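Residue-level structure breakdown
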Amino acid sequence: MRKQHFILIGLLLVSFQLLKAQGSPDYTGGLKFKFNEDGSKYLRLISWAQVQANYNTDETFDGNGNENSKLNFNLRRARVLMFAQINKDFLILTHFGLNSLTSTTLSPTGKGDGSQLFFHDVWAQYNLGKDHTVGGGLHYFNGISRLNNQSTLNMMTLDNNRQSWATIGLSDQFARHLGVFLKGKFDKLQYRVAINDASTSTLDSRTATAGGDAVYNGRLNLGSKDAGKTYAGYFDYHFLDQESNFLPYKVGSYLGGKKVFNVGAGFFLHPKGSVIDTGSALSPNLEGEDVSIFAVDAFYDAPIGEDGSALTAYAVYQNNNYGKNYLYSAYGTGSMIYGHVGYVFKGDAAKTRYQPYVSYGTHSYDAVSDDRSTLGIGVNAYMSGHNSKLTLEYKNQQFGALDANTISLQAMIYL
């Protein structure tokens with residue numbers, strides 16, 4: 001078994017070198033249609049794809065008792081984003097695509113649920129002066145933390161820390177809520193706040209049991225008057241270079257292109273978002289439980305010297321309250337500490353550069369005595385910055401009886 005692991009890792013490293021030789025044209029701002037001479041009226045298009053090969057070192061079985069293949073392929077993301085303005089005072093953004101298309105979600109004619117494109121974002125926004133904007137629609141101006149607003153174009157790790165997308169599929173549609181937002185800045189302090197409708201449908205379709213733990217489907221069971229709204233906000237102070245807040249997507253690593261040090265704090269509130277049954281088996285009585293999530297985080301990204309090397313570091317503490325002893329999938333009432341750090345080796349930015357990194361998270365839950373821990377060790381090969389990169393990562397997750405080990409190779413291109 002160990003010999004097979006070394007062979008696989010060797011093949012993955014060879015694939016790094018083969019793709020490195022192919023290179024990629026330098027990115028010069030993407031596809032942009034200008035409607036006037038100075039470019040203030042425009043339509044911009046961005047497209048990206050992330051393709052993975054995942055090797056699970058452990059034996060797993062399907063629903064029929066057959067052993068699963070250890071090597072599987074995944075179209076992790078295929079997206080198109082476009083935004084346009086014909087006046088500097090307003091903008092419209094549309095973002096659509098699909099996620100995690102695998103052999104189990106493919107369909108014979110491409111008409112199955114897993115094969116379908118859907119809107120990730122659609123919103124319109126209006127500027128209120130120079131530094132403040134109001135908007136509404138299906139949007140990504142989230143609260144809680146930087147990682148809950150993470151861009152998928154420039155993550156440093158293979159993927160986002162799963163527990164940082166703390167409401168995905170519970171009160172929203174794939175980390176997006178339908179509502180209104182206000183964003184802007186006061187000097188070095190940036191902010192984003194939102195009031196949204198909670199989704200009636202939810203991944204947590206369980207039924208609350210008498211005397212049991214909370215389930216996250218308050219909107220469905222209590223109605224929109226009592227449990228229909230969510231409130232979110234995130235605030236970060238920029239001590240060094242100022243990051244753009246033109247779009248909501250937070251950058252994962254600047255590869256030394258900026259010198260950034262931010263400290264942030266955020267929240268998410270969903271009054272009566274969860275329910276518990278305080279009655280009996282013969283006479284149920286559902287009562288709402290408030291959902292509240294708070295976090296503080298810090299982000300540092302800066303060049304080291306003049307040789308192209310750079311350091312990226314991030315840390316977050318997050319307190320999660322989904323209701324009494326809530327535990328479902330990746331979510332649970334309790335707390336989380338997560339961080340990652342990466343180092344870009346010196347080199348010419350126009351050539352391939354390498355960035356080894358490590359990530360670690362620990363999660364405690366009120367419902368159980370076991371903690372969940374996740375460890376990631378990886379390396380990025382940047383052939384044209386984030387526009388053409390390969391990521392090789394080993395990930396271990398432990399929780400109770402679970403001890404899962406996965407080796408992943410991801411190729412990403414965005415234009």
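The present account deals with the structure reproduced in this document.

Reading the values: rules and limits
- Residues numbered from 1 in each chain as written.
- Predicted model: local features only at pLDDT ≥ 70, side-chain atom pairs only at ≥ 80, totals over all residues.
- Heavy atoms only, no water.
- Helix = DSSP H or I, 4+ residues; strand = E, 2+ residues; numbered from the N terminus.
- Rg over C-alpha atoms; globule rule 2.2 N^0.38 Å.
- Contact = heavy atoms within 4.5 Å.
- Lys, Arg positive; Asp, Glu negative; His and termini not counted.
- Charge placed at Lys NZ, Arg CZ, Asp CG, Glu CD.
- Buried < 20%, exposed > 50% of the residue type's maximum accessible area, 1.4 Å probe, protein only.
- Pairing = 2+ DSSP bridges.
- Core = buried A, V, L, I, M, F, W, Y, C linked by side-chain atoms within 4.5 Å.
- Salt bridge = Lys/Arg side-chain N within 4 Å of Asp/Glu carboxyl O.
- Patch = residues over 30% accessible without salt bridge, like charges linked within 9 Å, V, L, I, M, F, W, Y side chains within 5 Å.
- Areas by Shrake-Rupley, 256 points an atom, 1.4 Å probe, with all protein chains shown as cover.
- Polar contact = N/O pair within 3.5 Å; in protein donor to acceptor, adjacent residues only side chain to side chain.

We now examine the overall build of the protein. For the protein, the count of helices and strands is three helices and 19 strands. Radius of gyration (C-alpha) of the protein: 22 Å, near the 22 Å computed for a compact globule of 415 residues. Taking the principal axes of the C-alpha coordinates as reference, the protein spans close to 70 × 60 × 45 Å. Taking all contacts inside the protein whose residues are at least 6 apart in sequence as the whole, residues at least 24 apart take part in 62%. One way to put it: in the protein the 36 positive side-chain charges average out to a point 7 Å from where the 35 negative ones average out.

Taken across its 11 residues, strand β17 (residues 372–382) has eight buried, putting it largely inside the fold. Alignment of strand β16 (residues 353–365) against β17, held across 11 bridges, turns out to be antiparallel. When the bridges of β17 are listed, Arg-353 appears paired with Tyr-382. Between β16 and β17, which pair antiparallel and follow one another directly, the connecting turn spans six residues. Taken together, β17 and the strand that follows it, strand β18 (residues 388–399), pair antiparallel across an intervening segment of five residues, in which Gly-385 is found at a positive phi of about 60°.

Counting 43 residues, the largest nonpolar core has Phe-83, Leu-93 and Tyr-322 as the members making the most contacts within it. Contributing elements (two or more residues each) for this core: β2 (42–56), β3 (71–87), β4 (90–101), β10 (260–277), β11 (286–303), β12 (310–321), β15 (334–344) and β19 (402–414). Residues in contact with Leu-93, not counting those within four places in the same chain, are Leu-81, Met-82, Phe-83, Asp-121, Val-122, Trp-123, Leu-247 and Tyr-249.

This paragraph deals with the pattern of salt bridges. Evaluated as defined, the whole model comprises eight salt bridges. Across the pair Lys-88 and Asp-89 runs a salt bridge whose closest N-O atoms are separated by 3.3 Å. Note on Lys-88: relative accessible area 62%, which makes it exposed. Residue Asp-89 is classed as partly exposed on the basis of its relative accessible area of 35%. Two residues, Lys-229 and Asp-197, come together in a salt bridge whose shortest N-O distance is 2.8 Å. A residue pair is termed long-range when its members are at least 10 positions apart, and Lys-229 in strand β9 (residues 229–238) and Asp-197 in strand β8 (residues 189–197) qualify at 32 residues. By relative accessible area, which is 36% here, Asp-197 ends up partly exposed.

Here we take up the environment of Ser-205. Structurally, Ser-205 can be placed in the loop between β8 and α2 (218–222). Along the chain, Ser-205 and Val-122 lie 83 residues apart, while their C-alpha atoms are 27 Å from each other.

Further remarks concern the environment of Ser-359. Topologically, Ser-359 is positioned in strand β16. Classification of Ser-359 by relative accessible area gives buried; the value is 10%.

Another aspect to go through is unusual backbone geometry. Positive phi, normally seen in glycine, also occurs at Ala-175, with a value near 75°. Mapped onto the elements, Ala-175 comes out in the loop between β6 (132–139) and β7 (177–186). Judged by its relative accessible area of 3%, Ala-175 is buried. In this structure, Asn-325 takes a positive phi of about 50° despite not being glycine. Following the sequence through the fold, Asn-325 ends up in the loop between β12 and β13 (327–328). On the basis of relative accessibility, which here comes to 29%, the residue Asn-325 falls in the partly exposed class.

Moving on to a nonpolar patch on the surface. A contiguous nonpolar surface patch, about 820 Å² in accessible area, is contributed by Leu-31, Phe-33, Phe-35, Ile-86, Phe-90, Tyr-126, Leu-128, Val-134 and Leu-182. Position of Ile-86 among the secondary structure elements: in strand β3. Overall, the relative accessible area of 52% leaves Ile-86 in the exposed class.

Let us look at the side chain of Asn-380. With respect to the element layout, Asn-380 can be found in strand β17. With a relative accessible area of 0%, Asn-380 lands in the buried category. Here Tyr-382 takes part through its side chain, which lies 3.2 Å from a polar atom of the side chain of Asn-380. A distance of 2.5 Å separates the side chain of Asn-380 from the side chain of Thr-391, its partner in a polar contact. Excluding its chain neighbours within four sequence positions, the residues that come into contact with Asn-380 are Met-156, Arg-353, Tyr-354, Gln-355, Tyr-357, Lys-389, Leu-390 and Thr-391.

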